[in-house]
Amino acid sequence: MREIKKPAFNIGNESVEVYLTAMTAKEIFSFSKVSRVNENPDKGYQRHLNESRAKSIAEYLDSGNIIPGAIILSTQQGVEISYENNELSMTLDNNSLFVIDGQHRLYGSHIAKTDVLLPVCIFNGLDQKAEVQYFIDINSTQKGVPKTLRIELMKFLAEDETSIDTLRSKLFSELGSSPESPLYGRTSATASARGKVTLVPFKDAIDPLLEGDVLSQFSFEDKKKLLINYLSATEGVLEEIDGNNDRLTTSAFFQAIFKIFDKVCRMSLTHHKSYSSSSMKNILTGIKPIDFSKHSGSNQATVSGMAKEFSDLLDIYSKRMGEPTDLL
């Protein structure tokens, strides 16, 4: 047994005794235990330890970062605890502190090269039922950052104005706010919205092109102009197919049509010596025979299948374009 004393705050109430303090990772590790379902089916309730995730946390810490989230602990039977004048005294032994939440942060911190200081919330007097309830409450109310918001926030982390994150963010913003763009008023940066393109399909569609043979050679303004031309050409062809352009903002179609962007640009340059909207619309006319009913859903299989049929139809159309129109 070992007595340790820590500056602390009493953040509990009349029914729950809990203290907020800080302990080093190795200190917590030496006194704590985790009860996992795969190790103790009858009493365990924690998830299986993902060592890869823990190693990533260790690398994150060794890079000089900190983890502000508290490790949630519960004192076990035999622990002597007292609190006076903002000081928490505990008599601890191996397995004296039960990890309710934060096992990956704890293990990752433990294997890090530096012994980092971690915020800790220590519950005292909980039975197993209460520990399980807190575990469920903590993990069922947490909500990850939506992917579309994560992509939007990357613009604040980009250090180079020519980086893909910066270019994508700027293009998304300007294509959605420029009246001449077919995406004007039809983008949503932070949440999914019917009839609007979000950052997730936009990223998947545009990122590969920013390093591609065509788009990479232009200035930002010309990149924007070329994309507007392409979107306008696509919009025009859709109106001829469906009588409207609503399909333009659907996730699967938006990604699929940009998978043939470089091909359409090359064909437009070969046959019309131009990247104008009218030239690309002439090329995209080749996709009009497509049967969209064969490509339902929004997963990557749908995107790939639709893009392949677009490409195959363009190959057929290209051969016809090279044929003379008047043999007599």
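Residues numbered from 1 in each chain as written. Predicted model: local features only at pLDDT ≥ 70, side-chain atom pairs only at ≥ 80, totals over all residues. Heavy atoms only, no water.

Caption draft 1: Looking closely at the sheet that holds strand β6 (residues 80-84). With respect to topology, 3 strands assemble into an open sheet ordered β1-β7-β6, the strand pairing being antiparallel. The two strands at the open ends of the sheet, each matched to only one other strand, are β1 (2-7) and β6. On average, each strand axis in the sheet is inclined to that of its neighbour by 15°, with strand direction left out of account. In this sheet, strand β7 (residues 87-92) lies alongside β6 in antiparallel orientation, the contact comprising 5 bridges. Across the sheet, Ser82 pairs through a bridge with Ser89, a residue of β7. (Pairing = 2+ DSSP bridges. Helix = DSSP H or I, 4+ residues; strand = E, 2+ residues; numbered from the N terminus. Axes fitted to C-alpha atoms, helices over the stretch in contact; angles between N-to-C directions.)

Caption draft 2: How the structure looks around the environment of His272. Relative to the assigned elements, His272 resides in helix α10 (residues 261-272). Of the residues examined, His272 reaches a relative accessible area of 30% and is grouped as partly exposed. Every residue in contact with His272, bar those within four places of it in the chain, is listed here: Met267, Ser279, Asn282, Ile283 and Met321. (Buried < 20%, exposed > 50% of the residue type's maximum accessible area, 1.4 Å probe, protein only. Contact = heavy atoms within 4.5 Å.)

Caption draft 3: Representation of the pairing of strand β5 (residues 71-75) within the structure. Judged by how many residues are buried, β5 sits mostly within the fold: 5 of 5 residues are covered. What you see with β5 is no split at all: Ile71, Leu73 and Thr75 on one side and Ile72 and Ser74 on the other are buried throughout. Examined bridge by bridge, β5 and strand β9 (residues 117-124) share 4 bridges and lie parallel to one another. From the neighbouring strand, Ser74 faces β9, where its bridge partner is Phe123. Where β5 meets strand β8 (residues 97-101), 4 bridges bridge the pair, whose relative direction is antiparallel. Its bridge partner being in β8, Thr75 is matched across the sheet by Leu97.

Caption draft 4: Representation of the packing of helix α6 (residues 164-177) against helix α8 (residues 220-242) in the model. Axis separation between α6 and α8 bottoms out at 11 Å; the angle between their running directions is 50°. By the angle between their directions, the pair α6 and α8 is classed as oblique. Two packed elements cross with a definite hand, and for α6 against α8 that hand is right-handed. Contact with α6, carried on its side by Leu167, Lys170, Leu171, Glu174 and Leu175, involves Phe220, Glu221, Lys223, Lys224, Leu227 and Ile228 of α8 and no other residues of that element. Looking at the contact of α6 with α8 residue by residue, the class counts come to 6 nonpolar, no polar and 5 charged. (Parallel < 35°, antiparallel > 145°, perpendicular 65-115°, else oblique. Left-handed = near helix turned anticlockwise from the far one by under 90°. Nonpolar A, V, L, I, M, F, W, Y, C, P; charged D, E, K, R; others polar.)

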